[in-house]
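# Working through the structure, step by step
What follows is the residue order along each chain.
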Amino acid sequence: FWTPPVAEAVSKRFILLDLCGAFALAAAFRALFLAVIPPLLDSADALMYLDAAKAIGAGRLSEVGPRVPLLYPLIAGTLHGVGISAEIACRAVSLVFGVLLVIPLYLLALRMFGRSPARIAVVAVALWPWLADWSGRIAPESTALLLWFSGVYLLLRAVDGRRWAMWTAPVIYFALHLARPE
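Residues numbered from 1 in each chain as written. Predicted model: local features only at pLDDT ≥ 70, side-chain atom pairs only at ≥ 80, totals over all residues. Heavy atoms only, no water.

## Concerning the overall build of the protein
Quick reminder of the rule: Helix numbering and strand numbering both begin at the N terminus, where a helix is a DSSP run of H or I of at least 4 residues and a strand a DSSP run of E of at least 2. With C-alpha atoms as the basis for the radius of gyration, the globule rule is written as 2.2 Å multiplied by the number of residues raised to the power 0.38. Buried means the residue's accessible area, taken with a 1.4 Å probe over protein chains only, is under 20% of the maximum for its type, while exposed means over 50%, and partly exposed covers the values in between. Contact between two residues is taken to exist if any of their heavy atoms lie within 4.5 Å; hydrogens are not considered. Note on areas: Shrake-Rupley, 1.4 Å probe, and residue coverage restricted to the protein chains presented here. Asp and Glu are treated as the negative residues and Lys and Arg as the positive ones, with His and the ends of the chain left uncounted. For the purpose of locating charges, the reference atoms are NZ of Lys, CZ of Arg, CG of Asp and CD of Glu.
Counting its secondary structure elements, the protein contains nine helices and zero strands. In the protein, the succession of α and β elements from N to C terminus is α-α-α-α-α-α-α-α-α. For 182 residues, the compact-globule estimate of 2.2 N^0.38 gives 16 Å, and the C-alpha radius of gyration of the protein, at 18 Å, lies within 12% of that figure. Dimensions along the principal axes, computed over C-alpha positions, put the protein at roughly 50 × 40 × 25 Å. Expressed as a percentage of its 182 residues, the buried residues of the protein come to 42%. Considering only contacts in the protein between residues 6 or more positions apart, those separated by 24 or more positions represent 67%. Accessible surface, the protein as shown: approximately 10100 Å² in total, 72% of it carbon and sulfur. Within the protein, the 11 negative side-chain charges are centred at a point lying 11 Å from the centre of the 15 positive side-chain charges.

Here's what the structure looks like:
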């Protein structure tokens with residue numbers, strides 16, 4: 001039975017500083033990426049998610065197609081329902097979840113390998129062009145990635161004996177199924 005190496009003791013202050021830096025780097029890179037490469041509505045799926053968010057925002061749930069994964073348009077539709085345009089709401093959801101991806105990846109790498117590899121991992125995630133592109137698209141990929149890696153981290157913590165993680169991980173994976181069932 002393989003036991004992952006226990007990460008060195010790192011104070012919560014250093015973890016918070018690392019996460020704030022990673023969060024700022026990811027947000028700045030995505031903002032720059034979106035400024036240089038303007039996002040387009042470039043797929044039928046994007047239009048499908050946009051229409052679903054509009055319908056949910058207007059309270060017309062019966063108009064949402066049966067093959068639409070509900071979590072992403074539900075969050076965007078909620079923002080749209082309070083007065084934000086549907087396109088901006090969808091892009092905002094992708095952007096926020098894309099930036100938040102650094103948190104579970106940092107915690108996962110910190111637990112498995114230590115602080116230095118965790119910092120390298122979040123810099124790579126923050127500056128990866130493909131992930132920055134997904135953060136600007138109308139698509140559930142950013143949402144699904146955040147939930148996926150959060151679930152993996154929670155399962156690792158459950159193996160460590162954290163009971164709260166054992167009960168939280170299935171909820172996260174159910175939300176992942178609602179975000180991207182395939």
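## Thoughts on the pattern of salt bridges
Note the threshold: A pairing counts as a salt bridge when a side-chain nitrogen of Lys or Arg comes within 4 Å of a carboxyl oxygen of Asp or Glu.
Applying the stated criterion to the full structure yields nine salt bridges. We note a salt bridge from Asp18 to Arg115, for which the minimum N-O separation is 2.7 Å. With Asp18 in helix α1 (residues 12-36) and Arg115 in helix α6 (residues 115-127), this pair connects stretches of sequence that are 97 residues apart. The same class applies to Asp18 and to Arg115, which are both buried. The shortest N-O distance in the salt bridge between Asp133 and Arg137 comes to 2.8 Å. A single network of salt bridges, built from pairs that share partners, joins Asp18, Arg115 and Arg119.

## Section: the environment of Tyr106
Note on placement: Tyr106 falls in helix α5 (residues 102-113). Overall, Tyr106 belongs to the buried group, its relative accessible area being 0%. Each C-alpha atom of the pair Tyr106 and Val122 lies 5.9 Å from the other, and the pair is 16 residues apart in sequence. Not counting chain neighbours up to four residues away, the residues in contact with Tyr106 comprise Phe14, Ile15, Asp18, Leu19, Arg115, Ala118, Arg119 and Val122.

## Considering the packing of aromatic side chains
Note the threshold: The pairing test for Phe, Tyr and Trp rings, Trp by its six-membered ring, is centres within 6.5 Å, and the orientation test on the planes gives stacked under 30 degrees, edge-to-face over 60, and tilted for anything in between. Cation placement over rings: the criterion is NZ of Lys or CZ of Arg within 6 Å of the ring centroid and within 35° of the ring normal.
Within this structure, the stated rule accounts for three aromatic pairs. Ring geometry for Phe29 versus Phe33: centroids 6.2 Å apart, planes at 45°, classification tilted. Here Phe29 and its partner Phe33 are both found in helix α1, four residues apart, which amounts to about one turn of the helix. Ring geometry for Trp130 against Trp134: centres 4.8 Å apart, planes inclined by 50°, an arrangement best described as tilted. Linking Trp130 with Trp134, this pair stays in helix α7 (residues 129-134), spanning four residues, or about one helical turn. Geometry around Phe14 places Arg13 over its ring, the cationic atom sitting 5.7 Å from the centre.

## Notes on the environment of Leu101
Relative to the assigned elements, Leu101 resides in the loop between α4 (86-100) and α5. When its relative accessible area of 3% is taken as the criterion, Leu101 is described as buried. Other than its neighbours up to four places away in sequence, Leu101 contacts Val125, Leu131, Leu145, Leu146 and Phe149.

## Thoughts on the packing of helix α8 (residues 141-159) against helix α9 (residues 163-179)
The criterion, for reference: For every element, the axis is a line fit to its C-alpha atoms; helices are fit only across the contacting stretch, and the angle between N-to-C directions ranges from 0 to 180 degrees. Throughout this description, any angle smaller than 35 degrees is read as roughly parallel, any larger than 145 degrees as roughly antiparallel, any in the 65 to 115 degree range as roughly perpendicular, and the remainder as oblique. It is the rotation of the near helix from the far one that decides the hand of a crossing: anticlockwise by less than a right angle makes it left-handed, clockwise makes it right-handed. We call Asp, Glu, Lys and Arg charged. Ala, Val, Leu, Ile, Met, Phe, Trp, Tyr, Cys and Pro are nonpolar, and the rest, Gly among them, are polar.
Direction vectors running N to C along α8 and α9 enclose 160°, while the axes themselves pass 8 Å from each other. Regarding the angle of α8 to α9, the classification is roughly antiparallel. Viewed along their axes, α8 and α9 form a crossing whose handedness is left-handed. Only Trp164, Ala165, Met166, Thr168, Ala169, Ile172, Tyr173, Ala175, Leu176 and Ala179 of α9 make contact with α8, whose side of the interface consists of Thr143, Ala144, Leu147, Trp148, Ser150, Gly151, Val152, Leu154, Leu155, Arg157 and Ala158. Looking at side-chain class alone, the contact of α8 with α9 contains 16 nonpolar, four polar and one charged residues.

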